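In case you want the letters, here they are:
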Amino acid sequence: MATEGGGKEMNEIKTQFTTREGLYKLLPHSEYSRPNRVPFNSQGSNPVRVSFVNLNDQSGNGDRLCFNVGRELYFYIYKGVRKAADLSKPIDKRIYKGTQPTCHDFNHLTATAESVSLLVGFSAGQVQLIDPIKKETSKLFNEERLIDKSRVTCVKWVPGSESLFLVAHASGNMYLYNVEHTCGTTAPHYQLLKQDGKFLACVSQDGFLRVFNFDSVELHGTMKSYFGGLLCVCWSPDGKYIVTGGEDDLVTVWSFVDCRVIARGHGHKSWVSVVAFDPYTTSVEESDPMEFSGSDEDFQDLLHFGRDRANSTQSRLSKRNSAESRPVSVTYRFGSVGQDTQLCLWDLTEDILFPHQPLSRARTHTNVMNATSPPAGSTGNSVTTPGNSAPPPLPRSNSLPHSTVSSAGSKSSVADGAVASGVSKFATLSLHDRKDRHHEKDHKRNHSMGHISSKSSDKLNLVTKTKTDPAKTLGTPLCPRMEDVPLLEPLICKKIAHERLTVLIFLEDCIVTACQEGFICTWGRPGKVGLLSSQNQASSPGGTVV
């Protein structure tokens, strides 16, 4: 990391960094962007997002990559660390008129070499279901914008489902859709889903993390940012911890079992855009591992809807987290990127997870870095769900348990949305107080909270009342003071881009990052970098104008 006051050194873009695992290297030939490789003028545009899917084809090159830049959407074969990117041959390219793609998500469950379902959300509020392999558009949801007129901030398939997906809007509402049902002019209604213990984590501009039982929409726990809005959220691979980031420049670690903040991390100098756990470096040794089922993908971006928890209960978590069954060795690795153009890596270790003495600003045994940076502010919300203890070959999505679709840089006020579980006559939930009465009237038909248990309603009311007065939450379990919890310091903190960073995805052989200029970068893991053969780049082919 550059030294404080290093001037030129501080502004230098890093192309490699070293951790305890070894050397990570930027692979220039594996960079993806628009075919002309010209930096995108990002002023006034939505954040660049990246989604991955593995088609499991026979060629051994089944990874596919989707990313949005301005009004354009690209779909490429992703060659990773193996071969150089060929930007002259996108599988599909779409240019949209009058609206911009804001987020997207693949259905990993139904993907094949012949067909893949891709959801795309737009700035005008619509959601499109497309097949970039067949180059088809099958359905358009909220076409007339009668359900919600605001920007789509995140779309995510419900883990383990072939047809259900969630959509979060800048209005603070979240909707549950079924691709098999015709999209009407009012919020969709479905029957009660199977009770399988899924939980959903949501963060938003009001600064609150809220964790819900997905099926019952009952509030499990809450947390408040130190100040400002929260922009991103992700689950640990085993579903025991949640990490958030936002306008307070901090990363905050929250325990699902104990429903409390257990650590904060300070290393960024501006808003934190994305947080993500690295399931390939995280080490949790347990004699009796927890059982999870469902998709290993987590909602990132605004609907940072990440991983789903099944066949596990809080009591089982508590038991296995007790002193009697404490893991022999525990290290959770997670990362964060921000508007300060920096990538930070963090290790969450036993001295934080299992303190042997009262907390007094304890430090982790990682590299000590300078961690002083001024606070800032922005808008957005994110949702994620917990996932499997062991990652599949490609748990790839901008919110792997890194769930999050966050709307960093958005100018519209975004409150949080809770997941609409599929309860009968319920498909949307809004937790914030609406200031625009006209807007409230337009969407009053979408509100249906009568099914929520009184216990959960009381918690929601409590959060609504306290969120308007940050002074009343500071120093409480909702928002402990800085000196009351351990302070993590980054393992590494490197400037890796010229523009704000919007993507962080951990893959088995590499780390993928992206910035607002539209460049998707691949960082080879130690020992995973092979010889890349450069390929001539051709000019941009013709695309589909929508």
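For the structure itself, look to the data block above.
Residues numbered from 1 in each chain as written. Predicted model: local features only at pLDDT ≥ 70, side-chain atom pairs only at ≥ 80, totals over all residues. Heavy atoms only, no water.

1. Some thoughts on the overall build of the chain
When its secondary structure is counted, the chain shows six helices and 34 strands. Buried positions account for 62% of the 546 residues belonging to the chain. Pairs at least 24 residues apart make up 69% of the contacts formed inside the chain by residues separated by at least 6 positions. (Helix = DSSP H or I, 4+ residues; strand = E, 2+ residues; numbered from the N terminus. Buried < 20%, exposed > 50% of the residue type's maximum accessible area, 1.4 Å probe, protein only. Contact = heavy atoms within 4.5 Å.)

2. Some details on the packing of aromatic side chains
One pair of aromatic rings is described through two measures. These are the centre distance and the angle between the planes. Under the criterion given, the structure shown has 20 aromatic pairs. Centre to centre, the rings of phenylalanine 67 and tyrosine 74 are 5.3 Å apart; their planes meet at 25°, and the pair counts as stacked. Each member of the pair, phenylalanine 67 as well as tyrosine 74, is classed as buried. Arranged with centres 5.5 Å apart and planes meeting at 50°, the rings of phenylalanine 277 and phenylalanine 334 form a pair that is tilted. In this pair, phenylalanine 277 is assigned in strand S21 (residues 272-277) and phenylalanine 334 in strand S24 (residues 330-338), connecting sequence segments 57 residues apart. Like phenylalanine 277, the residue phenylalanine 334 is buried in the burial classification. (Phe/Tyr/Trp six-rings, centres within 6.5 Å; stacked < 30°, edge-to-face > 60°.)

3. Let's talk about the pairing of strand S17 (residues 230-235)
Taking burial as the measure, the six residues of S17 include six buried ones, the bulk of the element. Pairing geometry for S17 and strand S18 (residues 241-246), over five bridges, is antiparallel. The residue bridging valine 233 from the neighbouring strand is threonine 244, located in S18. Connecting S17 to the antiparallel partner S18 that follows it, the hairpin turn spans five residues, and glycine 239 within it adopts a positive phi of roughly 75°. (Pairing = 2+ DSSP bridges.)

4. Structural notes on unusual backbone geometry
With a phi angle near 60°, lysine 135 is a residue other than glycine that sits in the positive phi range. Inspection of the secondary structure assignment puts lysine 135 in the loop between strand S9 (127-131) and strand S10 (136-141). On the accessibility criterion, lysine 135 (48% relative accessible area) is partly exposed. Even without being a glycine, aspartate 249 presents a positive backbone phi close to 65°. By the element assignment, aspartate 249 lies in the loop between S18 and strand S19 (250-255). On the basis of relative accessibility, which here comes to 1%, the residue aspartate 249 falls in the buried class.

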